[in-house]
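Examining the three-dimensional arrangement
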Amino acid sequence: MALPFFYIPTYQGENSLLLLEDTSRHIIQVLRMKQGDQLNLVDGCGHLLTVEICEAHKKHCSVKVLQIQKKEKPPHQVTIAISLLKNTDRFEWFLEKATEIGVSAIIPLLCDRTEKEKFRYERMQGICISAMLQSQQYWLPTLAAPIPAHQFITEASANVKLVAHCHPTFERKTIGHFITPNPLDTVILIGPEGDFSNQEIESALQHGFSPVLLGNTRLRTETAGVVAATLLLGSA
């Protein structure tokens, strides 16, 4: 039977660990695990620890480290910079799926047409952590605080910079034109309901972003983010 996965915020080479209360409660009260049982811990930074329960306490479960595995970052780093959505559930769905697919960073954008600016960071981070554990990955995507789109456009750096939009007045290529056999760091901008403004697109083009199509149909923001991640990481 596969060992269950749990998250630890940091790991600095310790031989024994005291788990957080929420994690301890889930292990002891929900899963009914006992002293001597084994489980996996990941820190979101490439470490996978196989540990054994030393003290099965529901508030402060202690474990000893039996084995350590280290996985290097994937060679293809994909950042999705995406507008916040009016419907929080849809944005949370995107976070979950993007994490499962394996993006390296998620940047929430405040665009000219973004309709909602509230962002519960701890909840959103928790969704990413849960998705990482569910998909049994070693790396947790970096989740940034919301940033104005104009600011991000001027500051973004990557080997490949893309902007997905629906304005027919701007020439666009399919995303396949920017997929190469050698993995390159890539960032792609995904706009809000109503799309990017002309000013945002023009600014992106001036700062080295290439305009792209994600397909022949008009996609919701969160769907566009997932499609972009799938196409870019599917080539890695």
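Residues numbered from 1 in each chain as written. Predicted model: local features only at pLDDT ≥ 70, side-chain atom pairs only at ≥ 80, totals over all residues. Heavy atoms only, no water.

1. Considering the packing of helix 2 (residues 88-101) against helix 3 (residues 121-134)
- Where helix 2 contacts helix 3, the two axes come as close as 8 Å, and the packing angle between them is 35 degrees. For the pair helix 2 and helix 3, the crossing hand works out as right-handed. Of the residues in helix 3, those touching helix 2 at Thr88, Phe91, Glu92, Leu95, Glu96, Thr99 and Glu100 are Arg123, Met124, Ile127, Cys128, Ala131, Met132 and Gln134.
- Of the residues in the contact of helix 2 with helix 3, the class split is seven nonpolar, three polar and four charged. (Axes fitted to C-alpha atoms, helices over the stretch in contact; angles between N-to-C directions. Helix = DSSP H or I, 4+ residues; strand = E, 2+ residues; numbered from the N terminus. Left-handed = near helix turned anticlockwise from the far one by under 90°. Contact = heavy atoms within 4.5 Å. Nonpolar A, V, L, I, M, F, W, Y, C, P; charged D, E, K, R; others polar.)

2. Structural notes on the pattern of salt bridges
- Throughout the structure, instances matching the rule amount to nine salt bridges.
- The closest approach of N and O atoms between Arg25 and Asp22, which form a salt bridge, is 3.2 Å. Placement of both Arg25 and Asp22 in helix 1 (residues 21-30) is noted, with a separation of three residues, approximately one turn of the helix.
- Exposure remark for Arg25: the relative accessible area of 31% places this residue in the partly exposed category. (Salt bridge = Lys/Arg side-chain N within 4 Å of Asp/Glu carboxyl O. Buried < 20%, exposed > 50% of the residue type's maximum accessible area, 1.4 Å probe, protein only.)

3. Describing the side chain of His167
- Tracing the chain through its elements places His167 in the loop between strand 10 (160-164) and strand 11 (173-174).
- Looking at His167, the relative accessible area reads 15%, which means it is buried.
- Polar contacts involving the side chain of His167 include one to the main-chain carbonyl oxygen of Phe196, which spans 2.8 Å. (Polar contact = N/O pair within 3.5 Å; in protein donor to acceptor, adjacent residues only side chain to side chain.)

4. Structural notes on the sheet that holds strand 5 (residues 62-70)
- Here we have five strands laid out as an open sheet, ordered 1-3-4-5-2, and mixed in their pairing. Looking at which strands have only one partner, the edges of the open sheet turn out to be strand 1 (5-7) and strand 2 (16-18). Between one strand axis and the next, the sheet turns through 40 degrees on average, direction left out of account.
- Of the pairings in the sheet, the one linking strand 3 (residues 38-42) to strand 4 (residues 47-55) comprises five bridges and is antiparallel in character. In the sheet register, Val42 faces strand 4, and the bridge partner there is Leu48.
- The strands that helix 1 touches are strand 1, strand 3 and strand 4; relative to strand 1, the one it contacts most, it runs at about 160 degrees.
- This element, helix 3, spans strand 1 and strand 3 of the sheet and lies at about 155 degrees to strand 1. (Pairing = 2+ DSSP bridges.)

5. Examining the packing of helix 2 against helix 6 (residues 221-234)
- Two elements in contact, helix 2 and helix 6, have axes separated by 9 Å at closest approach and are oriented at 5 degrees. Between helix 2 and helix 6, the interaxial angle falls into the category roughly parallel. Across the interface between the two elements, Arg90, Trp93, Phe94, Lys97 and Ile101 of helix 2 pack against Glu222, Thr223, Gly225, Val226, Ala229, Thr230 and Leu233 of helix 6. (Parallel < 35°, antiparallel > 145°, perpendicular 65-115°, else oblique.)

6. Topic: the layout of surface pockets
- The calculated volume of the largest pocket comes to roughly 420 Å³.
- Looking at the largest pocket, it is lined by 23 residues, and the ones nearest its centre are Pro74, Tyr138, Trp139, Leu140 and Pro141.
- For the lining of the largest pocket, the secondary structure elements donating two or more residues are helix 3 and strand 8 (142-143).
- Looking at side-chain class alone, the lining of the largest pocket contains nine nonpolar, 10 polar and four charged residues.
- Quantified by volume, the second largest pocket comes out at close to 330 Å³.
- Looking at the second largest pocket, it is lined by 20 residues, and the ones nearest its centre are His165, Cys166, Arg218, Leu219 and Ala224.
- Listing elements by their share of the lining of the second largest pocket, those giving two or more residues are strand 13 (210-213) and helix 6.
- Of the residues contributing to the lining of the second largest pocket, the split by class is nine nonpolar, six polar and five charged. (1 Å grid on protein atoms, 1.4 Å probe; cavity = no way out; pocket = protein on both sides within 12 Å on 5 of 7 lines; lining within 4 Å. Points joined across faces, edges and corners; volume = space filled by probe spheres on them.)

These values are about where atoms sit, not about what they do.
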